[in-house]
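Here is how the chains run, residue by residue.
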Amino acid sequence: LHSWSPRGSHRSEPARQESQAQRHPPARYAVDFQWQCGWRRATVRGIIGLDGGACVLSPGSCFSAGIRGGVRLYNLAELTLGLRVIQGWGVHDYARATPVLGIAMHGELPNFRGFALSLGGQFSRTAAMDFYANLLLGFRIAPATHWWIGVFPIHPTYLSWSDGRGDLWTIQSSLDLSADF
């Protein structure tokens with residue numbers, strides 16, 4: 001007599017195991033894949049940083065420095081809050097400390113560990129300074145684990161004052177020191 005059995009139970013045990021292995025490869029392949037790609041370390045990392053720069057092409061001279069803290073998401077996008085001190089003399093004399101919001105891309109290259117391209121900006125709008133925008137394009141090198149040195153050779157900066165002094169465009173160069181944890 002042939003008794004009833006659930007669907008698929010007519011297969012032999014080795015055939016069933018082979019079928020499951022084809023649908024679900026062993027976990028070691030996933031681990032090897034992550035190790036070979038190497039670009040993904042953590043989903044969310046905290047970051048802190050210091051930076052400073054000077055004008056290279058502008059009407060007059062200027063200096064800016066900042067401190068920031070925030071998060072790096074998927075080792076790709078950065079969201080930061082910070083404080084920036086901006087000082088200029090020459091055509092426009094000014095000195096301001098302003099809070100800034102930073103949004104940037106930190107793209108580590110998978111085949112060049114310890115090297116990342118960075119593209120982003122910092123923005124502010126306060127009562128004293130109508131609008132501030134700083135666009136960044138550069139690269140970062142990691143001399144040690146979790147430490148980054150950034151070089152931003154040319155980045156345009158726009159200032160607009162609410163007291164009627166007008167608008168100012170400057171081109172700055174800056175260096176950046178940051179750590180992720």
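This structure is a prediction, so every number in the text was calculated from the model and none was measured.

A. Spatial organisation of the state of the cysteines. Scanning all chains against the criterion turns up one disulfide. Each sulfur in the disulfide pair Cys 55 and Cys 62 lies 1.3 Å from the other. The sign of the S-S torsion, about 75°, decides the handedness of the disulfide formed by Cys 55 and Cys 62: right-handed. Note on Cys 62: relative accessible area 6%, which makes it buried.

B. Focus on the nonpolar core. Cys 55, Cys 62, Ile 86, Tyr 94, Val 100, Met 129, Tyr 132, Leu 159, Trp 161 and Leu 168 form the largest nonpolar core, which has 10 residues in total. Discounting chain neighbours no more than four positions away, the residues touching Met 129 are Ile 86, Arg 96, Leu 159, Ser 160 and Ser 162.

C. Just the sheet that holds strand 4 (residues 94-108), in detail. The eight strands are arranged 1-2-3-4-5-6-7-8 in a closed barrel whose pairing can be described as antiparallel. On average, each strand axis in the sheet is tilted by 25° relative to the strand beside it, whichever way the strands run. Pairing of strand 7 (residues 147-161) with strand 8 (residues 167-180) involves 12 bridges; the strand directions are antiparallel. When the bridges of strand 8 are listed, Gly 150 appears paired with Asp 176.

D. Structural context of the pairing of strand 8. Looking at chain direction, strand 1 (residues 44-57) and strand 8 are connected through 10 bridges and run antiparallel. The partner of Ile 47 across the bridge, within strand 8, is Asp 180.

E. Up close: the confidence of the model for the protein chain. Per-residue pLDDT for the protein chain has a mean of 81; in total, 76% of the residues score no lower than 70. Of all helices and strands in the protein chain, the one with the weakest mean pLDDT is helix 2 (residues 27-37) (44), whereas strand 5 (residues 115-124) scores best (95). In this model residues 27-40 is a low-confidence stretch, pLDDT under 50, and it forms six contacts with partners more than four residues away in sequence or in other chains.

F. View of the pairing of strand 7. Across nine bridges, the pairing between strand 6 (residues 129-144) and strand 7 is antiparallel. Note that in strand 7 the partner of Phe 139 across the bridge is Val 151. Taking the residues between adjacent antiparallel strands as the criterion, strand 6 and strand 7 are bridged by two residues, where His 146 takes a positive phi near 75°. What sits between the antiparallel neighbours strand 7 and strand 8 is a turn of five residues, in which Gly 164 has the positive phi angle 90°.

Basis of the calculations
- Residues numbered from 1 in each chain as written.
- Predicted model: local features only at pLDDT ≥ 70, side-chain atom pairs only at ≥ 80, totals over all residues.
- Heavy atoms only, no water.
- Disulfide = S-S within 2.5 Å.
- Buried < 20%, exposed > 50% of the residue type's maximum accessible area, 1.4 Å probe, protein only.
- Core = buried A, V, L, I, M, F, W, Y, C linked by side-chain atoms within 4.5 Å.
- Contact = heavy atoms within 4.5 Å.
- Pairing = 2+ DSSP bridges.
- Helix = DSSP H or I, 4+ residues; strand = E, 2+ residues; numbered from the N terminus.
- Axes fitted to C-alpha atoms, helices over the stretch in contact; angles between N-to-C directions.
- pLDDT = per-residue confidence, 0-100.

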